[in-house]
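Each chain, letter by letter, is given below.
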Amino acid sequence: MSNGKSIIVDTSRCTGCRGCQVACKQWNGLPASPTTQTGTYQNPPDFNGCTYKVVRFADGRGADGKPYWYFVSDMCRHCVEPPCLAGSSVEGGMIHDEATGAVVYTARSKDDDFETAQSVCPYNVPRKNEETGVMVKCTMCIDRISNGMVPACVQSCPTGAMVFGDRDEILAEVQRRVAELKKTHPKAQAVDADSVRVIFIVTDDPERYHTHLKA
Amino acid sequence: MTNHWIDIQHSDCILIQGSNAAENHPISFKWVMRAKDKGATVIHVDPRFTRTSARCSLYAPLRSGTDIAFLGGMINYIIENDKFFKDYVVNYTNAPLLVDEGFGFKDGLFSGFDPKKRKYDKTTWAYQKNADGTFKRDKSLKDRHCVFQLLKKHYSRYDMKTVSAVTGTPVEDLKKVYEAFSATGRPDKAGTIMYALGQTHHTVAVQNIRCFGIIQLLLGNIGVCGGGINALRGEPNVQGSTDHALLSYNLPGYLPAPRVGHGSFEKYLKTVARTTGEPDSLNWQSNYNKYAVSLMRAFFPDAPKETGYGFDWLPKLDDGQDASVLPLFDEMYKGTIKGFSCFGQNPACSIPNSNKVRAALQKLEWMVHFNIFDNETASFWKQPGVDPRKVGTEVFLLPAAAAVEKEGSQANSGRWMQWKYAAAKAPGDCLSAGDVIYRIQMKLKELYKKEGGVFPEPVLGVFTDMVDGKGRYDAEKVARLINGVFTRDVTINNVAYKKGECVPGFALLQADGSTACGNWICSGSFTRDGQNLMKRRGKKDPTGLGLYPEWSYSWPANRRVIYNRASVDPHGKPWNPKRALVEWKDGKWVGDVVDGAPPPLAEKGGKLPFIMRPEGVGCLFGPGLADGPFPEHYEPVESPFEKHPFSRQRNTPLLRLYESDKDVYASASAKFPLVMTTYSCTEHWCTGALTRWQSWLSEAQPGAYVELSEELARERGLKNGDKIRVVSARGSVEAVAMVTPRITPFQCGDKKVHLVGMTFNYGWMTPGGDSANLLTPTCGDSNSMTPEYKAFMVNIEKIA
Ligand code: SF4
Ligand code: SF4
Ligand code: SF4
């Protein structure tokens with residue numbers, strides 16, 4: 001098989017506009033979850049049964065005393081060897097698509113053990129649809145990418161923070177970007193690039209962005 | 001925009017000031033990031049560290065309402081450190097022109113101020129002239145009356161220490177920004193400025209923008225690729241609606257609105273068609289009489305010449321009358337306005353001092369509200385605290401078609417008039433604004449015909465040829481008239497044009513009544529045989545600079561960068577050959593559509609580059625404004641300071657305050673010690689009247705929040721997420737405290753100033769809270785009347 005597909009989420013280009021978050025809901029026909037203002041831009045606060053894509057916001061002050069504000073457009077990493085797949089005990093509850101590498105829950109996952117599914121994921125991604133009991137998460141827009149389109153979230157991104165393509169090309173682009181960023185940001189890195197298909201590029205320690213950014 | 005969106009990528013330094021571009025114009029950052037990739041320095045100057053600042057190379061905080069101090073400091077820095085582009089300044093600006101010896105500036109006031117009338121007599125704000133009427137100049141820039149020396153003297157007072165004490169920006173940040181931006185004052189560098197409502201929502205709005213004009217002229221950044229002053233206009237077609245005279249002081253194409261003092265049409269035409277004493281100036285405004293006559297011919301196709309082609313039928317403003325939104329609602333509150341047609345707006349949330357606006361609406365006899373959703377204005381009669389039985393207003397709510405359900409042109413910020421088609425049919429009885437206006441017009445005509453009236457001519461005479469065979473509004477038909485048509489067979493320069501043909505450009509518009517044109521700047525958007533160029537989607541890019549001349553139509557004349565004559569030296573060679581917009585080559589212009597056909601200045605028959613100015617040059621000294629030829633710092637109407645170090649003139653001298661019981665102002669008051677600023681977020685649009693109903697957007701931004709610093713939270717014992725009440729002298733609103741390191745207290749001299757900020761995206765109809773405009777003051781700019789939404793004083797208290 002080819003090396004499948006990959007996505008870059010380059011936080012150094014992200015403006016936190018949340019076009020991706022809304023596009024994901026729109027393409028997947030997902031309803032809004034009830035939210036309230038609690039003193040943050042980050043809403044919904046986390047993934048949930050009807051939210052596969054969340055832009056996380058983290059602010060603080062750097063060593064120089066100047067403010068920073070980091071944005072991460074979070075989603076399933078579509079791990080190269082998905083731990084969730086290994087942790088799944090229901091026949092046909094998950095698909096690991098050969099052509100693209102997308103990892104997708106099926107309707108049968110409602111009979112799977114959710115606690116296990118969630119605990120094996122190093123990035124705390126899987127959620128359960130409260131109504132159907134089916135496990136849910138980002139599908140890499142398998143219905144789009146199998147038909148020659150890019151994922152809905154990537155399509156909506158105005159700044160080039162998200163890029164979709166063949167894994168080999170994406171890996172080369174990730175290397176190029178990180179090398180370039182390192183000139184100004186010594187901590188620049190691609191997070192877990194070898195083991196995931198959705199590769200986050202950061203310019204600071206990953207934990208400053210989000211607890212589960214790195215495995 | 002002087003330039004256009006795609007052009008931002010060519011900039012070497014981008015100054016974003018008074019705009020949260022990444023948040024409110026997300027697509028702009030596609031081009032900003034491309035510039036950054038190529039090594040551009042991106043600077044954000046703003047009271048808050050925002051989504052924009054997060055992507056910039058440099059961030060400098062600034063106390064809201066002190067942009068002139070900040071930018072005045074930059075002007076001083078550029079002059080003192082010799083960073084200006086000398087050839088450009090000497091040849092293409094009014095720097096060498098001598099100003100009347102009586103001109104002066106003292107303690108915050110320019111010469112000619114009449115304190116009783118609060119108005120300037122501008123006699124001394126004039127250029128010195130030679131006996132033959134030409135301007136006196138000193139190209140060495142040494143004469144103490146020349147504009148350059150006056151400018152230098154004026155801004156010598158804006159040293160970094162004084163600036164920092166006013167703006168609260170640390171001196172080292174000022175220095176970094178000044179250095180980085182003034183490095184573009186060279187022929188091979190270009191710097192651009194992006195701004196939005198953060199500059200215009202002030203009582204010194206126009207002078208804020210004037211600072212940009214001065215800086216960009218000094219640095220030779222106007223007219224060049226990657227340069228310019230770029231006002232970011234967005235989704236509501238602000239560019240298009242302004243072009244078509246949304247504002248009360250304009251007619252379409254930025255012709256001045258008629259006033260009583262203009263008297264006859266002849267006198268109006270003489271005022272608008274300006275003359276010049278400068279022989280090298282093309283002075284395009286000398287053509288304004290043709291545009292005004294053609295406009296009347298479009299408004300009133302059959303009006304007799306003796307009525308000034310219908311000019312006598314137009315309503316006139318009183319001399320000195322301000323007919324903008326602030327006096328409008330003031331008059332409504334006084335009860336002098338009986339009826340109100342409100343099209344696609346939500347003033348109960350969007351106009352300052354909403355309590356006053358909401359009370360004013362209750363004094364109406366009738367209101368027609370035209371919108372796609374119900375909103376706080378349409379339903380003012382059932383707002384909290386109001387008993388509907390006690391409201392006498394009759395309210396009509398007309399269902400509107402949404403933008404995507406209508407065909408027509410939409411002008412983007414870069415002046416591209418792009419044709420779009422209806423994506424869906426409007427539901428039910430919803431109609432386009434064109435259809436509604438047409439029906440009202442026809443009904444009025446019918447009634448006036450039947451019953452007569454005091455003054456029926458304008459109603460009976462106004463054009464109605466705007467529908468198709470089935471009586472439906474036809475946007476393309478109107479667009480043709482806006483472009484201009486010949487009203488009779490004529491021959492111009494040996495070419496014969498037939499009645500009914502489209503005028504293929506504004507250069508052919510006539511003052512003799514033979515052309516009708518709804519907006520001269522759009523003339524040329526149709527070819528002579530009626531092809532609609534706004535529909536073009538050609539992707540050729542002959543210059544390689546992303547001008548795409550065959551994509552839609554860019555007013556004026558399909559020119560992609562205005563003032564582009566200034567991008568070449570007096571011989572027509574590009575200042576920067578690597579980014580050549582236009583060039584004079586073998587006796588003709590190549591590249592973008594050049595700003596005026598004549599050769600460059602130094603060639604035979606050559607003309608100066610700034611063709612829209614009678615002087616022919618860019619104005620460092622701007623005598624046209626009401627409140628001064630140079631921008632000067634004044635405090636916002638409400639600010640923490642009783643005085644400031646630049647002068648004893650605390651507020652802008654022409655300021656008008658309002659006197660109703662609801663118009664209370666509180667400055668330098670212990671009761672309201674916090675500076676407040678208001679803004680919008682990505683997820684909502686304006687008052688949220690359209691977006692609050694959209695569940696994915698409300699999910700992302702569910703309710704009102706107040707951003708405040710960690711230091712202020714500590715002083716007030718507040719935690720992130722606490723419910724608080726924000727109170728101003730006029731009203732109060734509840735919201736959630738968002739305690740953030742992205743806001744830092746300002747050290748203004750020896751005083752620490754706290755700033756809080758809030759979006760104006762909410763209203764009482766939906767759960768998220770009410771409008772921030774319950775807090776804002778009724779006061780506006782002396783030239784444009786834009787309200788001061790961005791800087792006023794409040795206090796906050798925790799809700800137990
Ligand atoms: S990120 Fe979690 S859910 Fe996604 S593929 Fe990896 S283990 Fe599975
Ligand atoms: S790839 Fe598709 S499903 Fe996954 S986050 Fe993007 S839009 Fe949502
Ligand atoms: S659309 Fe792109 S820029 Fe916007 S939040 Fe998502 S990743 Fe960031």
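This structure is a prediction, so every number in the text was calculated from the model and none was measured.

Cut-offs used in this document
- Residues numbered from 1 in each chain as written.
- Chains lettered and ligands numbered in written order.
- Predicted model: local features only at pLDDT ≥ 70, side-chain atom pairs only at ≥ 80, totals over all residues.
- Heavy atoms only, no water.
- Helix = DSSP H or I, 4+ residues; strand = E, 2+ residues; numbered from the N terminus.
- Rg over C-alpha atoms; globule rule 2.2 N^0.38 Å.
- Buried < 20%, exposed > 50% of the residue type's maximum accessible area, 1.4 Å probe, protein only.
- Contact = heavy atoms within 4.5 Å.
- Buried area = accessible area lost by both parts, 1.4 Å probe.
- Salt bridge = Lys/Arg side-chain N within 4 Å of Asp/Glu carboxyl O.
- Polar contact = N/O pair within 3.5 Å; in protein donor to acceptor, adjacent residues only side chain to side chain.
- Nonpolar A, V, L, I, M, F, W, Y, C, P; charged D, E, K, R; others polar.
- pLDDT = per-residue confidence, 0-100.
- Pairing = 2+ DSSP bridges.
- Phe/Tyr/Trp six-rings, centres within 6.5 Å; stacked < 30°, edge-to-face > 60°.
- Near = heavy atom within 4 Å.
- Axes fitted to C-alpha atoms, helices over the stretch in contact; angles between N-to-C directions.
- Parallel < 35°, antiparallel > 145°, perpendicular 65-115°, else oblique.
- Left-handed = near helix turned anticlockwise from the far one by under 90°.
- Patch = residues over 30% accessible without salt bridge, like charges linked within 9 Å, V, L, I, M, F, W, Y side chains within 5 Å.
- Areas by Shrake-Rupley, 256 points an atom, 1.4 Å probe, with all protein chains shown as cover.
- Arc of directions from axis to C-beta.

**Focus: the overall build of chain B**
So, step 1. Along chain B, the regular secondary structure elements total 21 helices and 31 strands.
So, step 2. Rg of the C-alpha trace for chain B: 26 Å, near the compact-globule value of 28 Å for 800 residues, within the 12% margin.
So, step 3. Dimensions along the principal axes, computed over C-alpha positions, put chain B at roughly 80 × 70 × 55 Å.
So, step 4. Residue burial in chain B is summarised as follows: out of 800 residues, 60% are buried.
So, step 5. Relative to all contacts within chain B whose residues are 6 or more apart in sequence, the contacts with residues 24 or more apart total 70%.

**A short note on the interface of chain B and chain A**
So, step 1. Contacts between chain B and chain A engage 41 residues on the former and 37 residues on the latter.
So, step 2. Buried surface at the junction of chain B and chain A, both sides included, amounts to about 3,000 Å², of which 55% is carbon and sulfur.
So, step 3. Looking at the side of chain B facing chain A, the largest losses of area belong to Arg51, Trp696 and Glu699 of chain B, adding up to 25% of the total buried there.
So, step 4. Linking chain B with chain A are six salt bridges, by the criterion used here.
So, step 5. Applying the counting rule to chain B against chain A returns 18 residue pairs in polar contact (both at pLDDT 80 or more).
So, step 6. Every element with two or more residues in the side of chain B that touches chain A is listed here: helix 1 (21-24), helix 2 (28-37), helix 3 (51-54), helix 20 (695-700), strand 25 (705-709) and strand 27 (732-740) of chain B.
So, step 7. Per-element accounting of the side of chain B that touches chain A gives the leading share, six residues, to helix 20 of chain B.
So, step 8. Of the residues that constitute the side of chain B that touches chain A, the class distribution is 18 nonpolar, 10 polar and 13 charged.

**Here's the deal with the confidence of the model for chain B**
So, step 1. Predicted confidence across chain B gives a mean pLDDT of 97, with 100% of residues reaching 70 or more.
So, step 2. Interface scoring of the predicted complex returns ipTM 0.97; its pTM is 0.97.

**A word on the sheet that holds strand 21 (residues 553-554) of chain B**
So, step 1. Read from one edge of the open sheet, three strands run 15-16-21 (chain B), paired in antiparallel fashion. In the strand order of this sheet, the two ends are held by strand 15 (408-411) and strand 21 of chain B, each with one partner.

**Things to note about the pattern of salt bridges**
So, step 1. On inspection of all chains with the given rule, the structure shows 52 salt bridges over all chains.
So, step 2. The shortest N-O distance in the salt bridge between Lys183 of chain A and Glu180 of chain A comes to 3.1 Å.
So, step 3. A salt bridge links Arg725 of chain B to Glu734 of chain B; the shortest N-O distance between them is 3.7 Å.
So, step 4. Beyond isolated ion pairs, a larger network of salt bridges with shared partners links Asp46, Arg56, Asp74, Arg77 and Arg127 of chain A.

**With respect to the packing of aromatic side chains**
So, step 1. According to the stated counting rule, one finds 50 aromatic pairs over all chains in the structure shown.
So, step 2. Centre to centre, the rings of Tyr70 of chain A and Tyr209 of chain A are 4.3 Å apart; their planes meet at 10°, and the pair counts as stacked. A residue pair is termed long-range when its members are at least 10 positions apart, and Tyr70 of chain A in strand 3 (residues 67-74) and Tyr209 of chain A in the segment after strand 10 (198-202) qualify at 139 residues. Each of the two residues, Tyr70 of chain A as well as Tyr209 of chain A, counts as buried.
So, step 3. Centroid distance Phe103 of chain B to Phe621 of chain B: 5.3 Å. Interplanar angle 90°. Geometry classified as edge-to-face.

**Quick notes on the site of ligand 3**
So, step 1. Taken together, Cys14, Thr15, Gly16, Cys17, Arg18, Cys20, Val55, Ser73, Cys157, Pro158, Thr159 and Met162 of chain A make up the full set of residues adjacent to ligand 3.
So, step 2. Split by residue class, the shell around ligand 3 holds seven nonpolar, four polar and one charged.

**Some details on the environment of Pro26 of chain B**
So, step 1. Tracing the sequence through the fold places Pro26 of chain B in the loop between helix 1 and helix 2.
So, step 2. For Pro26 of chain B and Ser660 of chain B, which are 634 residues apart along the polypeptide, the C-alpha to C-alpha distance reads 40 Å.
So, step 3. Those residues in contact with Pro26 of chain B that sit more than four places away from it in its chain are Cys17 and Pro158 of chain A together with Ala21 and Thr682 of chain B.

**Digging into the packing of helix 7 (residues 160-167) of chain B against helix 8 (residues 171-182) of chain B**
For any two helices packed against each other, one specifies the inter-axial angle together with the distance between the axes.
Residues and elements named next belong to chain B.
So, step 1. Running from N to C, helix 7 and helix 8 point in directions that differ by 115°, and their axes come no closer than 9 Å. It follows from the interaxial angle that helix 7 and helix 8 lie roughly perpendicular. Remark: the crossing between helix 7 and helix 8 carries right-handed chirality. Facing helix 7, whose interface residues are Met160, Lys161, Val163 and Ser164, helix 8 presents Val171, Leu174, Lys175 and Tyr178.
So, step 2. For the contact of helix 7 with helix 8, the per-class residue count stands at five nonpolar, one polar and two charged.

**Remarks on a nonpolar patch on the surface**
So, step 1. A grouping of Phe343, Ile437, Ile440 and Leu444 of chain B is seen on the molecular surface, where their side chains present a nonpolar patch of about 310 Å² in accessible area.
So, step 2. When residues in the nonpolar patch are grouped by element, the largest group, three residues, is from helix 17 (residues 433-451) of chain B.

**Notes on the site of ligand 2**
Residue and element names in this part refer to chain A.
So, step 1. Ligand 2 sits among Cys24, Asn28, Lys53, Met75, Cys138, Thr139, Met140, Cys141, Pro151, Ala152 and Cys153.
So, step 2. Secondary-structure elements contributing two or more residues to the shell around ligand 2 are helix 1 (19-28) and helix 5 (152-156).
So, step 3. Considering only residue class, the shell around ligand 2 consists of eight nonpolar, two polar and one charged.

**Quick notes on helix 12 (residues 265-272) of chain B**
Residues and elements named next belong to chain B.
So, step 1. Restricting attention to buried positions, one finds in helix 12 the residues Phe265, Tyr268, Leu269 and Val272. Angularly, the buried residues of helix 12 cover 100° about the axis, an arc narrow enough to put them on a single face. Among the exposed residues of helix 12, those oriented more than 90 degrees off its buried face are Glu266 and Lys270.
So, step 2. Packing partners of the buried residues in helix 12 comprise strand 10 (250-251), strand 11 (255-256) and helix 13 (288-299).

**Overview of the sheet that holds strand 2 (residues 41-46) of chain B**
The strands making up a sheet associate through backbone hydrogen bonding, with each pair oriented either parallel or antiparallel.
Residue and element names in this part refer to chain B.
So, step 1. Spatially, five strands are ordered 3-2-1-8-9 in an open sheet, and the strand pairing comes out parallel. Strand pairing shows two members of the sheet lacking a second neighbour, strand 3 (58-61) and strand 9 (229-231), which therefore form its edges. Taken over all neighbouring pairs, the strand axes of this sheet differ in orientation by 20° on average, direction set aside.
So, step 2. In this structure, strand 2 lies alongside strand 3, joined through four bridges in parallel fashion. Following the sheet pairing, Asp46 is matched in strand 3 by Pro61.

**Looking at the environment of Asn412 of chain B**
Residue and element names in this part refer to chain B.
So, step 1. Among the secondary structure elements, Asn412 is positioned in the loop between strand 15 and strand 16 (416-420).
So, step 2. The exposure class of Asn412 is buried, given its relative accessible area of 18%.
So, step 3. Along the primary structure Asn412 and Asn237 are separated by 175 residues, whereas in three dimensions their C-alpha atoms are 6.8 Å apart.
So, step 4. Asn412 has contacts with Trp5, Gln239 and Gln418, leaving out every residue within four places of it along the chain.
So, step 5. In this structure the side chain of Asn412 is engaged in a polar contact, spanning 2.8 Å, whose partner is the backbone nitrogen of Gly414.

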